Amino acid sequence: MSIIKARQLGFQYLKYSDEEKEPEKIRAINSLDLDVEPGEFIAVLGHNGSGKSTLAKHINALLLPTSGTIWIDGRNTAEEKELWKIRQKAGMVFQNPDNQIIGTVVEEDAGFGPENLGVPTEDIWKRVDDALTKVGMQAFREKSPNRLSGGQKQRVAIAGVVAMRPQCIVLDEPTAMLDPDGRREVLKVVRELNEKENVTVILITHYMEEVVWADRVYVMDKGDLVMTGTPREIFAQVDRLKGYRLDVPEVTELAYKLNRAGYPVAPDLLTEEELRGAILALAEPGAENAMETVGEAAKAAGEETEEDAASASGKTGEAAGTGVGDSRGEIPLLETRRLCHDYGAGTVYASRALDDISVRIGHGEFIALIGHTGSGKSTFIQHLNGLLKPTAGEVLWEGCDITDKTFDIRNLRTRVGLVFQYPEHQLFETTILADVCFGPKNQGLDKAAAEAKARKALALTGIPESMYEESPFDISGGQKRRVAIAGVLAMNPQVLILDEPTAGLDPAGRDDILDCLKALQTEQGITILLVTHSMEDAARYADRLLVISDGRLLYDDTPRQVFRHYKALESIGLAAPRMTYLMHELKAAGLPVSAEAMTVDEAYHEILRVLERKSSHA
């Protein structure tokens, strides 16, 4: 019997407004049929607003159908008497673990669910022990969740669900806010629960690489189930997926491009190992039979790269550069000198978040800032417009100390705009236009001038005029980010700082935002500082890369130079772009490629260069 079964499932939201007596009906799911067998690993893909999260909330009866029926292990979610039994069967893990963790210590949080179910106290502690062991958090059971990293918090959230002994776990974008190491941790736990405990997994994600190991993939679009199949079957349809505002893993994208160029490479490859073998077979027939030595060779090449980098920069882990301001001999827009920050200074809970950071930020740069969760990234950027004050060191704007009593901090905040990680925390007005007008009005502009600036900013970020009178709370996540960016742009900043602006966005929405930021840099001359956990985004868009670990600046250089240190990055919970690993492995296997490629396009052209040269010499 199916653990999840839906027939003609439909759901519509009701949207109320002050002007209309009758609410507007917004259809989120349209007559959907679904069958999930016990122990399956199902991935659900879809653009923002496609209906994925609405479907997820039906699986544990947070929402009830407005038409059709959904059964969980044979129980109809519309029957109120079945509600608690259904929620025992299907647990849910949300995108942000901070919204799900309520205990003061880890073990209390893990025991909250079983206690609510009326499980006897003795059995609760057995379940807590079991759940924390399964997610690898037993050693942290007496720690406060506030002291954990993002990946550890998400594992605690999963433990709280596991302790309820569900047959099915639904995970709605569980890794969207995590660094690469945290993402790996969470996925490892989820896969082990599926493989070893036979727990049915429903994974909703925008990371295509997370889908590769699923048994089946469902693709949703505008409330409809439009594609179903294995990962290989789904990702083979590159153009169709992109038509749904989605993407494919970078490995598949490269295989597809090589296939389109006329090379006999299967367009549905999913792993680096598969693609590496296919490319080596093209270059040197029979070379794919020697693949077992490639891993060791690649490891040696990685270690050699680190040694070379260490000898070039003096010491691995030290900042590799000091920024454009030094090289051009000009006063930078922003500068930090030996910046330090302590939380809880003067108390027993004091902890150092930033330690001796010196950075120069010049005019018109596009800088990416990366670091593991809790590394100090958000603390650092909040010093740049005076939201936080240094414990020691200086922050300078055009050479002036911003902590000086005579410094105009209010003016600085119009010159250095900050868009926070959760844009809904930054929006508050009744309409989009009014929200974007707020900043210019605070600068002293009259209504007409403020509205002119707001309209220009909204146009730059791609918000159509037809939406200006809508509530900022009734739009999609991607649109909220655009409105939040427009609200800052309307104040004509010289520097725009964005903290994870693409988290939770579908691939097309992510690219739209990043393309918009790149255009602001190249066409408007605005300096962009992008905080991100995506190594691929940093490689594609940034001219310069800062790496912070445990409050210290480790690297400050071009992305290409920083990603040469990929082994050192891995040791601090980060990684390099996927293409960097592939190119290093190909080079270690004897293919004369440059290992410097970071993006799919760079890897594609480098591989073509080598293949065409070999073909001409044949």
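Going by the structure above, here's the rest.
Note that the coordinates shown come from a computational prediction; the quantities given were computed from them, not determined experimentally.

Looking at this structure, how should I read unusual backbone geometry?
Among all residues except glycine, the phi angle is most often negative; among peptide bonds, the trans geometry is most common. In this structure, Ser31 is a non-glycine residue whose phi angle is positive, near 40 degrees. If you trace the backbone, Ser31 turns up in strand β2 (residues 24-36). With a relative accessible area of 41%, Ser31 lands in the partly exposed category. A positive phi angle is found at Glu173, which is not glycine, with a value near 50 degrees.

Got a minute to help me understand the pairing of strand β18 (residues 527-531) in this structure?
Across a regular strand the side chains alternate sides, sitting on one face of the sheet and then on the other. Most of β18 sits out of view: five of its five residues are buried. Of the two faces of β18, the one lined by Thr527, Leu529 and Val531 and the one lined by Ile528 and Leu530 are each fully buried. Direction of pairing for strand β13 (residues 366-370) relative to β18: parallel, over a ladder of four bridges. When the sheet's bridge partners are listed, Ala368 is paired in β18 with Leu530. In this structure, strand β17 (residues 495-499) lies alongside β18, joined through five bridges in parallel fashion. By the bridge assignment, Leu498 is partnered in β18 with Leu530.

What's the story with the sheet that holds β17 in this structure? I'm lost.
Strands pair in a sheet through their backbones, by hydrogen bonds, and they do so in one of two ways: parallel or antiparallel. As summarised here, the arrangement of the six strands in space is β16-β17-β18-β13-β19-β20, forming an open sheet in which the pairing is mixed. Two strands close off the open sheet at either side, each with one partner strand: β16 (416-419) and β20 (552-557). Within this sheet the neighbouring strands show an average axis-to-axis angle of 15 degrees, counted without direction. Relative to strand β19 (residues 544-549), β13 is paired through four bridges, and the arrangement is parallel.

How should I be thinking about the environment of Asp224 in this particular structure?
Positionally, Asp224 belongs in strand β10 (residues 224-229). Along the backbone, Asp224 and Gly51 are 173 residues apart, and their C-alpha atoms lie at a distance of 7.9 Å. Every residue in contact with Asp224, bar those within four places of it in the chain, is listed here: Asn30 and Val219.

So what exactly am I meant to see when it comes to the packing of helix α3 (residues 106-116) against helix α4 (residues 121-134) here?
Angle between the axes and distance between the axes are the two parameters that describe a pair of packed helices. Closest axis-to-axis distance for the α3/α4 pair is 9 Å, and the angle between their directions is 120 degrees. When the interaxial angle is binned, α3 and α4 end up oblique. Along this stretch, α3 crosses α4, giving a crossing that reads as right-handed. Two secondary-structure elements touch here, α3 through Val106, Glu107, Ala110, Gly111, Pro114 and Glu115 and α4 through Ile124, Trp125, Arg127, Val128 and Leu132. Taken together, the residues that form the contact of α3 with α4 break down as seven nonpolar, one polar and three charged.

Would you explain the side chain of Glu335 in this entry?
Considering the arrangement of structural elements, one finds Glu335 in strand β11 (residues 334-343). Among the polar contacts listed, one links the side chain of Glu335 to the side chain of Arg337, at a separation of 3.2 Å. Discounting chain neighbours no more than four positions away, the residues touching Glu335 are Val359, Arg360, Glu394, Val395 and Leu396.

Got a minute to help me understand the side chain of Thr200 in this structure?
Mapped onto the elements, Thr200 comes out in strand β8 (residues 200-204). For Thr200, the contacting residues outside a window of four places in its chain are Ile3, Val36, Glu37, Pro38, Gly39, Glu40, Gln167, Cys168 and Ile169.

Honestly, the sheet that holds strand β9 (residues 216-221) in this entry has me stumped. Any pointers?
Taken in spatial order, the six strands of this open sheet run β6-β7-β8-β3-β9-β10, and their pairing is mixed. Strands at the two margins of the open sheet, each flanked by one partner only, are β6 (90-93) and β10. Each neighbouring strand pair of the sheet contributes to a mean axis angle of 20 degrees, computed without reference to strand direction. Contacting β6 and β7 (168-172), helix α5 (residues 150-162) runs over the sheet at an angle of about 165 degrees to β6.

Hey, could you run me through the state of the cysteines in this one?
Scanning the model with the defined rule gives zero disulfides in all. No disulfide involves Cys516; its nearest neighbouring cysteine sulfur is the one of Cys437, lying 18 Å away. Classification of Cys516 as buried rests on a relative accessible area of 12%.

Looking at this model, I keep getting lost on α3. Mind explaining?
Working note: α-helix, 3.6 residues per turn, so residues spaced by three or four point in the same direction. By the burial criterion, the buried members of α3 are Val106, Glu107, Asp109, Ala110, Gly111, Gly113 and Pro114. One or two residues past the end of α3 sits Gly118, with phi positive at roughly 80 degrees.

Is there a simple way to explain the packing of aromatic side chains in this structure?
In the structure shown here, the tally under the stated rule is four aromatic pairs. For the pair Phe428 and Phe438, a centre-to-centre distance of 4.8 Å together with 90 degrees between the ring planes defines the contact as edge-to-face. Note that Phe428 is positioned in the loop between β16 and α15 (432-442) and Phe438 in helix α15, a separation of ten residues in sequence. Their ring planes at 80 degrees and their centres at 5.4 Å tell us that Tyr566 and Tyr581 sit as a pair that is edge-to-face. Taken together, the residues span a long stretch of sequence, with Tyr566 in helix α21 (residues 566-571) and Tyr581 in helix α22 (residues 578-588) at a distance of 15 residues.

Looking at this structure, I do not really get the pattern of salt bridges. What am I missing?
Oppositely charged side chains can pair when the atoms bearing their charge come close. In the structure shown here, the tally under the stated rule is 41 salt bridges. Here Glu335 ties to Arg360 by a salt bridge, and the two come within 3.4 Å at their closest N and O atoms. Taken together, the residues Glu335 in strand β11 and Arg360 in strand β12 (residues 351-361) connect sequence positions 25 residues apart. The class for Glu335 is buried, based on a relative accessible area of 11%. Given the relative accessible area of 14%, Arg360 is considered buried. A network of salt bridges, in which partner residues are shared, links Asp247, Arg510, Asp511, Asp537 and Arg540.

What should I look at first to understand the environment of Pro249 in this one?
Among the secondary structure elements, Pro249 is positioned in the loop between α8 (238-243) and α9 (250-260). Judged by its relative accessible area of 1%, Pro249 falls in the buried class. C-alpha of Pro249 to C-alpha of Glu37: the two residues are 212 residues apart in sequence and 26 Å apart in space.

Would you explain a nonpolar patch on the surface in this entry?
A cluster of nonpolar side chains, Phe428, Phe438 and Phe473, forms an exposed patch at the surface whose accessible area comes to about 300 Å². Judged by its relative accessible area of 37%, Phe438 falls in the partly exposed class.

Help me understand the nonpolar core, please; the structure alone is not making it clear to me.
Where a protein is soluble and globular, its nonpolar side chains tend to be buried together. The biggest cluster of nonpolar side chains holds 54 residues, and the ones touching the most others in it are Leu496, Leu517 and Val547. The dominant element in this core, judged by the number of residues it contributes, is helix α17 (residues 477-489), at six residues. When neighbours within four sequence positions are excluded, Val547 is seen to be in contact with Ile370, Arg552, Leu553, Leu554, Tyr555, Val562, Leu569, Ile572 and Leu574. Membership of the second largest hydrophobic core comes to 49 residues, among which are Val106, Ala110, Val128 and Leu187.

What is the right way to look at α9 in this model?
The buried count for α9 comes to eight of eleven residues, which makes it a mostly enclosed element. Residues of α9 that are buried: Glu250, Val251, Thr252, Glu253, Leu254, Ala255, Tyr256 and Leu258. Note on α9: the residue one or two positions beyond its end, Gly262, has a positive phi of about 100 degrees.

Parameters at a glance
- Residues numbered from 1 in each chain as written.
- Predicted model: local features only at pLDDT ≥ 70, side-chain atom pairs only at ≥ 80, totals over all residues.
- Heavy atoms only, no water.
- Helix = DSSP H or I, 4+ residues; strand = E, 2+ residues; numbered from the N terminus.
- Buried < 20%, exposed > 50% of the residue type's maximum accessible area, 1.4 Å probe, protein only.
- Pairing = 2+ DSSP bridges.
- Axes fitted to C-alpha atoms, helices over the stretch in contact; angles between N-to-C directions.
- Contact = heavy atoms within 4.5 Å.
- Parallel < 35°, antiparallel > 145°, perpendicular 65-115°, else oblique.
- Left-handed = near helix turned anticlockwise from the far one by under 90°.
- Nonpolar A, V, L, I, M, F, W, Y, C, P; charged D, E, K, R; others polar.
- Polar contact = N/O pair within 3.5 Å; in protein donor to acceptor, adjacent residues only side chain to side chain.
- Disulfide = S-S within 2.5 Å.
- Phe/Tyr/Trp six-rings, centres within 6.5 Å; stacked < 30°, edge-to-face > 60°.
- Salt bridge = Lys/Arg side-chain N within 4 Å of Asp/Glu carboxyl O.
- Patch = residues over 30% accessible without salt bridge, like charges linked within 9 Å, V, L, I, M, F, W, Y side chains within 5 Å.
- Areas by Shrake-Rupley, 256 points an atom, 1.4 Å probe, with all protein chains shown as cover.
- Core = buried A, V, L, I, M, F, W, Y, C linked by side-chain atoms within 4.5 Å.

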